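Summary of structural features
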Amino acid sequence: MTEHVEWSEPEAPAAPASAAVTPADAADAARLVAFGLQPKLQPARDQEYADLLRRYREDPPFARLADAVATGLGLIVLEVSPRAGMAVTAAEDSVFAVRMGDYARRTSADGGDRFLHGLAHLAVAALAFPRPEDLADDGYIGRVTVNGVDAFVRQACHRLEERAAEQGENTDPASDAPGLEAAWRIWARRSATGATKDARRLAGSTTGIVAKAVTFLTDSGFLQRTGDDNGGTYRTTARYQLQVRDLAGSAALAELLELGVVPVTDGTPTLLPPQDADDLELVADAGLPFHSA
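What this report covers is the structure whose coordinates are included nearby. (Residues numbered from 1 in each chain as written. Predicted model: local features only at pLDDT ≥ 70, side-chain atom pairs only at ≥ 80, totals over all residues. Heavy atoms only, no water.)

This brings us to the packing of helix α1 (residues 23–36) against helix α3 (residues 60–72). Viewed as axis vectors pointing N to C, α1 and α3 meet at an angle of 60 degrees, and their least axial separation amounts to 9 Å. Viewed along their axes, α1 and α3 adopt a mutual orientation that is oblique. The hand of the α1/α3 crossing is right-handed. Mapping the contact onto sequence places D25, A26, D28, A29, A30, L32 and V33 in α1 and F62, L65, A66, V69 and A70 in α3. Residue composition of the contact of α1 with α3, grouped by class: 10 nonpolar, no polar and two charged. (Axes fitted to C-alpha atoms, helices over the stretch in contact; angles between N-to-C directions. Helix = DSSP H or I, 4+ residues; strand = E, 2+ residues; numbered from the N terminus. Parallel < 35°, antiparallel > 145°, perpendicular 65-115°, else oblique. Left-handed = near helix turned anticlockwise from the far one by under 90°. Contact = heavy atoms within 4.5 Å. Nonpolar A, V, L, I, M, F, W, Y, C, P; charged D, E, K, R; others polar.)

This brings us to the packing of helix α5 (residues 113–128) against helix α9 (residues 206–219). Contact geometry for α5 and α9: axes closest at 9 Å, N-to-C directions at 60 degrees. Between α5 and α9, the crossing angle belongs to the class labelled oblique. The crossing of α5 and α9 is right-handed. Note on element contacts: α9 touches α5 through I209, V210, K212, A213, V214, F216 and L217, opposite L116, H117, A120, H121 and V124. Looking at the contact of α5 with α9, its residues break down into nine nonpolar, two polar and one charged.

All told, the structure shown has four aromatic pairs when counted by the stated rule. For the ring pair F35 and Y49, a centre distance of 4.7 Å and an interplane angle of 15 degrees mean the geometry is stacked. Here the residue F35 occupies a position in helix α1, and Y49 occupies one in helix α2 (residues 47–58), the gap between them amounting to 14 residues. Pair check on accessibility: F35 and Y49 agree, each one buried. An angle of 45 degrees between the planes, with centres 5.8 Å apart, marks the rings of F222 and Y240 as tilted. A residue pair is termed long-range when its members are at least 10 positions apart, and F222 in the loop between α9 and β4 (223–227) and Y240 in helix α10 (residues 238–246) qualify at 18 residues. (Phe/Tyr/Trp six-rings, centres within 6.5 Å; stacked < 30°, edge-to-face > 60°. Buried < 20%, exposed > 50% of the residue type's maximum accessible area, 1.4 Å probe, protein only.)

Judged by nonpolar contacts, the single largest core of 37 residues is most densely connected at V124, V149, V153, W187 and Y240. Broken down by secondary-structure element, the contributors of at least two residues to this core are α5, α7 (146–166), α8 (183–189), α9 and α10. A total of 11 residues in this core trace back to one element, the largest contributor, which is α5. Counting 19 residues, the second largest nonpolar core, distinct from the first, contains F62, L65, L75 and V88. (Core = buried A, V, L, I, M, F, W, Y, C linked by side-chain atoms within 4.5 Å.)

Reading across the sheet, the three strands line up as β3-β5-β4 and stay open at both edges, with antiparallel pairing between neighbours. Across the chains shown, the open sheet's two edge strands, defined by having one partner strand only, are β3 (143–145) and β4. Looking at each pair of strands side by side, their axes are set apart by 30 degrees on average, direction ignored. Pairing of β4 with strand β5 (residues 233–236) involves four bridges; the strand directions are antiparallel. By the bridge assignment, R225 is partnered in β5 with Y234. Its contacts with the sheet place α7 against β3 and β5, and it is angled at close to 85 degrees to β3. (Pairing = 2+ DSSP bridges.)

In this structure, β3 lies alongside β5, joined through three bridges in antiparallel fashion. Among the inter-strand pairings, V144 is bridged to a residue of β5, identified as Y234. The antiparallel hairpin formed by β4 and β5 contains five residues in its connecting segment, where N230 sits at a positive phi of about 55 degrees.

Here is the structure:
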């Protein structure tokens, strides 16, 4: 009697079981992202935040889960570290994105101010981190002042006006068509402090616009106020360095830096003549850390 033997394919080895994501894991990941959305909160001052950051660095599956939660909310993770916490920025389609137009409308009904507010944020970033090595150095701390930023922009305006005159361009466009002007031309015509007898800073003046910008950046955890001199003095935070580093490739920031900013440490502005820099007109509607729409 012949024994019948049935042949079959060998069974594939079972895939290693991966740990299932629990509701508690998802809650912890969301909690970490929530901490990241509180930019003024420092991990060193919150034990739960510090513990979740440590878990993110030591537990890759948890890190991927937290990244996925951030992505689902339209956030981009810039860095997760003890110095910056969970530093995130909003993608253009995120519900957390701040629009330059919305920001400007909160302060004035004048549509032309949209350009000025964008230029103020651009100038703060350029003066805070004037060199590529400043952005690359995690230990670098930039310093700006309200009056220093305004003076810096006015010097840039003067330089750009000279260039426009040399090239035969119209340097005095119609005052009733601000939307057709470059941002620097609008800034140059605006009063620095306002028209009050005691020279108080008005919200619509250029120093008032800069003050609004640095106040917003301070409330967002990007700057820290250090004094009242020169209209207010501020120092940069790790989060702001990451934000500017992420947006350093913008054309407007590059054009402003090409004017030749001398590195400083006290927030005062200085400009050098540009070196072989063409087409230096600032890109309208460019502001940090906003989206243009």
